[in-house]
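An overview of the molecular structure
Here's the letter readout for the chains.
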Amino acid sequence: LCVEVFKIEEVLEQADYLYESGETEKLYQLLTQYKESEDAELLWRLARASRDVAQLSGTSEEEKKFLVYEALEYAKRALEKNESSREAHKWYAICIGDVGDYEGIKAKIANAYIIKEHFEKAIELNPKDATSIHLMGIWCYTVAEMPWYQRRIAKVLFATPPSSTYEEALGYFHRAEQVDPNFYSKNLLLLGKTYLKLHNKKFAAFWLTKAKDYPVHTEEDKQIQTEAAQLLTGFSDKN
């Protein structure tokens, strides 16, 4: 057992190094060798890695679907192995959200409750985790943005359909910034977009400019920079 534990520690260390270096495919290849593992720490990392590979631009649609379901499987196992792992709760919620894209509107609405519950649990287990707080903000934003026809389906299916507001989303995005300023370009973008929804152009411009000027490390950063720039151009056109 001792050797086994030492081995896992070593793999995790290597995995974290590859994750920090942005070596998405290498990380996935490393961790899939241990997919039968009973270790929650390894399993949630494997869920994250599967999901990261799914999101690479070179990944085909079929592969993506396979990886998204695979990621959920790993996250679920991580949670079964360790109920008090905040990362397992977080990645389980994220992966259920991803799978929703393939399951139709009914499942998506039903999953909204489960997702919220696991993000709340992750935040409760670690109030200093900016990412979980940010994701809770996205949950609120998405629910606030829900189109009328989805609201009608939700009302038919559930006595109390999921509900939230842009103000609530804004609260979470700000809280995430307080915990870890500038930790994620998408949080800056969403602060800007939420202020736009609330018709506060001054604050929207402030946060969108921050998102546009954010140093690009990942493919996602690049997309966010572009989106922020487009939204800002929209402003000057209207002014």
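Residues numbered from 1 in each chain as written. Predicted model: local features only at pLDDT ≥ 70, side-chain atom pairs only at ≥ 80, totals over all residues. Heavy atoms only, no water.

The chain carries the name Regulator of microtubule dynamics protein 1 in an unreviewed UniProt entry, which gives Bos indicus as its organism. Quoted straight from UniProt, the Sequence similarities (unreviewed entry) entry for the chain says "Belongs to the RMDN family." Of the comments in the UniProt record for the chain, the one headed Subcellular location (unreviewed entry) reads "Cytoplasm, Cytoskeleton, Spindle pole". (UniProt positions renumbered as here; feature names shortened; annotations may be inferred.)

Another aspect to go through is the overall build of the chain. Assigned secondary structure in the chain consists of 12 helices and 0 strands. Mapped from its N terminus to its C terminus, the chain presents α and β elements in the order α-α-α-α-α-α-α-α-α-α-α-α. Taking 2.2 N^0.38 as the reference for a compact globule, 239 residues should give roughly 18 Å; the C-alpha atoms of the chain span a radius of gyration of 19 Å, in line with that estimate. With the C-alpha coordinates aligned to their principal axes, the bounding extent of the chain is approximately 65 × 45 × 35 Å. Expressed as a percentage of its 239 residues, the buried residues of the chain come to 43%. Contacts in the chain between residues at least 24 apart in sequence constitute 60% of all its contacts with a sequence separation of at least 6. Summing over all exposed atoms, the chain offers an accessible surface of approximately 13300 Å²; the carbon and sulfur share of this is 53%. (Helix = DSSP H or I, 4+ residues; strand = E, 2+ residues; numbered from the N terminus. Rg over C-alpha atoms; globule rule 2.2 N^0.38 Å. Buried < 20%, exposed > 50% of the residue type's maximum accessible area, 1.4 Å probe, protein only. Contact = heavy atoms within 4.5 Å. Areas by Shrake-Rupley, 256 points an atom, 1.4 Å probe, with all protein chains shown as cover.)

Moving on to the packing of aromatic side chains. For the structure on display, the rule yields 7 aromatic pairs. Ring centres 6.0 Å apart and planes at 50 degrees place the aromatic pair F183 and Y184 in the tilted group. The residue whose ring lies beneath R48 is Y19, and the NZ or CZ to ring-centre distance is 3.4 Å. Between the NZ or CZ atom of K202 and the centre of the ring of F203, over which it lies, the distance is 5.9 Å. (Phe/Tyr/Trp six-rings, centres within 6.5 Å; stacked < 30°, edge-to-face > 60°. Lys NZ or Arg CZ within 6 Å of the ring centre and 35° of its normal.)

A few words on the nonpolar core. Counting residues in each nonpolar core, the largest one holds 67 residues, and the members touching the most others are L31, F119, M136 and W139. Per-element accounting of this core gives the leading share, 9 residues, to helix α7 (residues 130-144). For L31, the residues in contact, after removing those within four places along its chain, are V11, A15, L42, R45, L46 and A49. (Core = buried A, V, L, I, M, F, W, Y, C linked by side-chain atoms within 4.5 Å.)

The next subject is the environment of A47. Its place among the elements puts A47 in helix α3 (residues 40-54). Considering only alpha carbons, one finds A47 and I123, 76 residues apart in sequence, at a separation of 19 Å. With sequence-adjacent residues up to four places away left out, A47 is seen in contact with A71, Y74, A75 and C95.

Side-chain pairs of opposite charge can arise whenever the charged atoms involved come near each other. For the coordinates displayed, the defined rule picks out 13 salt bridges. For E124, the salt bridge goes to K121, with nearest N and O atoms at 3.4 Å. Residue E124 and its partner K121 are both found in helix α6 (residues 104-125); the two are separated by 3 residues, about one turn of the helix. Look at E124 and you get exposed, because its relative accessible area is 56%. Taking relative accessible area as the criterion, K121 reaches 29% and is therefore assigned partly exposed. Of the charged contacts, one joins K193 and E227 as a salt bridge, the two residues approaching to 2.7 Å between their closest N and O atoms. Of this pair, K193 sits in helix α10 (residues 185-197) while E227 sits in helix α12 (residues 219-238), and the two are 34 residues apart along the sequence. Look at K193 and you get partly exposed, because its relative accessible area is 22%. Taking the relative accessible area as the measure of exposure, E227 reaches 28% and is therefore partly exposed. (Salt bridge = Lys/Arg side-chain N within 4 Å of Asp/Glu carboxyl O.)

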